Amino acid sequence: MFDSLLDVLHGSIRDRGGKSLAVPEGLAECVSQKGDGVIKSWLWNVPGFRRWRVTRLDAGESLQVLNSVAYPQYSNDQPLMGIDLLWFGKRCKLVAVLDFQPLVQDEAYFARHFQGLQSLRTQFPDLSSDGAMRSFDPNQYFSPWLLFCRGGLEEAKGSLPLAFNAFLECYWELQEKSSQRPSRIAYDQVKKLQLEYDVYSSERDPAHGLFSSYFGKQWSDRFLNEFLFPGSNLERSSSSMNLEL
Ligand code: BLA
């Protein structure tokens, strides 16, 4: 379901000078124990970013996923870019979340970074539902203008591909603007907030059970700690040793 969007994402990363990096041993690809699913991941070194990861899960009619997070360099306080697209083929159910994930919830920060996303939200009303979140806290690391849809085939084939392109363009525009103006949040604080994002996400991510059921608990624990949210380990160990971040 999401192959063309994956191509768009990878093409757009390459166009901006992204270079592919090695994914930790054993985590780049895994076939499920029953052979009914495969998960592939990519890591990119992109100018202006300290980390950009992409994951694609293909479990046929049961589930398709495209997930990606971009972490800007610590010298830039712009939001992270978060993409989580899920397609449950048997039930024709789409869950699509696209957001500029804010480091802080404050009006001046929103005014600086969210004009683009605000206007996107008005362009794609069918992806702008105010549906309640079950696992996450909408007021932590999510913006008021996230594109969020629990829908079906119509949205998946209709507005999602258009919104996906526009969303990426909008994020690159923000990146260009942000890299030319001084960051208002200090380097150390951006670092702390980005690491806390990984802690928050690893604790709340509803995907852990799903990964375990396909790929086993051991592989899934490693995937979460070493690939999806490596900052959660750093944050825990540095705070327990009482180090300055
Ligand atoms: C929801 N994401 C979900 C769900 C699953 C995943 C299984 C629950 C589906 C449902 O509510 O019906 C799956 N999450 C994944 C997978 C990965 C993952 C497979 O991290 C990793 C490969 N989630 C993100 C990012 C965002 C995000 C970057 O990983 C931000 C754009 C958002 N996912 C997000 C939200 C929900 C969700 C807001 C709804 C959760 C809720 O209701 O609280």
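Source: prediction; values computed, not measured. (Residues numbered from 1 in each chain as written. Predicted model: local features only at pLDDT ≥ 70, side-chain atom pairs only at ≥ 80, totals over all residues. Heavy atoms only, no water.)

A.B. asks: Got a minute to help me understand the confidence of the model for the protein chain in this structure?
C.D. replies: As a note on interpretation, predicted positions should not be read in detail where pLDDT is low. Put simply, the protein chain has an average pLDDT of 93, and 96% of its residues get 70 or more. Taken as a whole, residues 240-245 scores under 50 in pLDDT and shows 7 contacts with residues more than four places along the chain or in a different chain. (pLDDT = per-residue confidence, 0-100. Contact = heavy atoms within 4.5 Å.)

A.B. asks: It is not clear to me how the packing of aromatic side chains should be interpreted in this structure. Could you clarify?
C.D. replies: We describe a pair of aromatic rings using the distance from one ring centre to the other and the angle between the two ring planes. Scanning the model with the defined rule gives 23 aromatic pairs in all. Three or more aromatic residues link up through ring pairs in this structure, and these residues are F49, W52, F100, Y109, F110, F114, W145, F167, Y171 and W172. Above the face of the F227 ring, R51 is positioned so that its terminal group lies 5.4 Å from the ring centre. Here the guanidinium or amino end of K93 rests over the ring plane of F88, the centre of that ring lying 5.1 Å away. (Phe/Tyr/Trp six-rings, centres within 6.5 Å; stacked < 30°, edge-to-face > 60°. Lys NZ or Arg CZ within 6 Å of the ring centre and 35° of its normal.)

A.B. asks: When you look at the site of the ligand in this model, what are you seeing that I'm missing?
C.D. replies: Around the ligand, a shell composed of 26 residues is seen, among which N67, D84, R134, S135 and D205 lie nearest. Here a nitrogen atom of the ligand and a side-chain polar atom of D84 are 2.7 Å apart. Within the backbone of S135, an N or O atom sits 2.5 Å from an oxygen atom of the ligand. Surface burial for the ligand is 94%, taken as the share of its 830 Å² of free accessible area covered by protein chains. Counting only elements with at least two residues in the shell around the ligand, the list comes to β5 (63-72), β6 (80-88), β7 (93-101) and α7 (208-215). Here the residues of the shell around the ligand sort into 15 nonpolar, 6 polar and 5 charged. (Near = heavy atom within 4 Å. Polar contact = N/O pair within 3.5 Å; in protein donor to acceptor, adjacent residues only side chain to side chain. Areas by Shrake-Rupley, 256 points an atom, 1.4 Å probe, with all protein chains shown as cover. Helix = DSSP H or I, 4+ residues; strand = E, 2+ residues; numbered from the N terminus. Nonpolar A, V, L, I, M, F, W, Y, C, P; charged D, E, K, R; others polar.)

A.B. asks: How should I be thinking about the side chain of S68 in this particular structure?
C.D. replies: On the secondary structure map, S68 appears in strand β5. Since its relative accessible area comes to 0%, S68 is described here as buried. Among the polar contacts made by the side chain of S68, one reaches the main-chain carbonyl oxygen of R53 at a distance of 2.7 Å. Those residues in contact with S68 that sit more than four places away from it in its chain are L9, W52, R53, V54, M81, G82 and I83. (Buried < 20%, exposed > 50% of the residue type's maximum accessible area, 1.4 Å probe, protein only.)

A.B. asks: Quick question: what am I supposed to make of the pairing of strand β8 (residues 147-151) here?
C.D. replies: Looking down a regular strand, the side chains alternate between one sheet face and the other. For β8, a buried count of 4 out of 5 residues is recorded, marking the element as mostly surrounded by other parts of the structure. Inspection of the sheet shows β7 paired to β8 by 5 bridges, in the antiparallel sense. Residue V97 lies in a different strand from β8, and its bridge partner there is F148. (Pairing = 2+ DSSP bridges.)

A.B. asks: Where do I start with the state of the cysteines in this structure?
C.D. replies: One way to say it: the disulfide is the covalent bond shared by the sulfur atoms of two cysteines. The final tally for this structure, using the stated rule, is 0 disulfides. C149 supplies the cysteine sulfur nearest to C170, a cysteine that is in no disulfide, at a spacing of 18 Å. Classification of C170 as buried rests on a relative accessible area of 10%. (Disulfide = S-S within 2.5 Å.)

A.B. asks: For this particular structure, what's the right way to read the nonpolar core?
C.D. replies: Generally speaking, a soluble globular protein has its nonpolar side chains buried in company with each other. Membership of the largest hydrophobic core comes to 78 residues, with the highest contact counts inside it found for W52, L85 and F164. Per-element tally for this core: the top contributor is helix α5 (residues 159-179), with 9 residues. Each residue touching F164, except ones within four places of it in the same chain, is listed here: L5, V8, L9, L66, I83, L85 and L98. (Core = buried A, V, L, I, M, F, W, Y, C linked by side-chain atoms within 4.5 Å.)

A.B. asks: Got a minute to help me understand the side chain of S159 in this structure?
C.D. replies: Along the polypeptide, S159 turns up in helix α5. Among the polar contacts made by the side chain of S159, one reaches the side chain of D126 at a distance of 2.8 Å. Setting aside residues up to four positions removed in sequence, S159 forms contacts with F124, D126, L127 and E154.

A.B. asks: How should the layout of surface pockets be read in this particular structure?
C.D. replies: If a probe the size of a water molecule is rolled over the atoms, the empty space left behind becomes visible. Size it by volume and the largest pocket reaches roughly 790 Å³. What lines the largest pocket is a set of 36 residues, and nearest its centre among them are D84, L86, F136, D205 and P206. Listed by contribution, the elements that provide at least two residues to the lining of the largest pocket are β4 (49-59), β5, β6, β7, β8, α6 (187-204), α7 and α8 (217-228). For the lining of the largest pocket, the per-class residue count stands at 22 nonpolar, 7 polar and 7 charged. Computed from the structure, the second largest pocket encloses a volume of approximately 170 Å³. M133, P138, S143, P144 and L146 are, among the 14 residues lining the second largest pocket, the residues nearest its centre. (1 Å grid on protein atoms, 1.4 Å probe; cavity = no way out; pocket = protein on both sides within 12 Å on 5 of 7 lines; lining within 4 Å. Points joined across faces, edges and corners; volume = space filled by probe spheres on them.)

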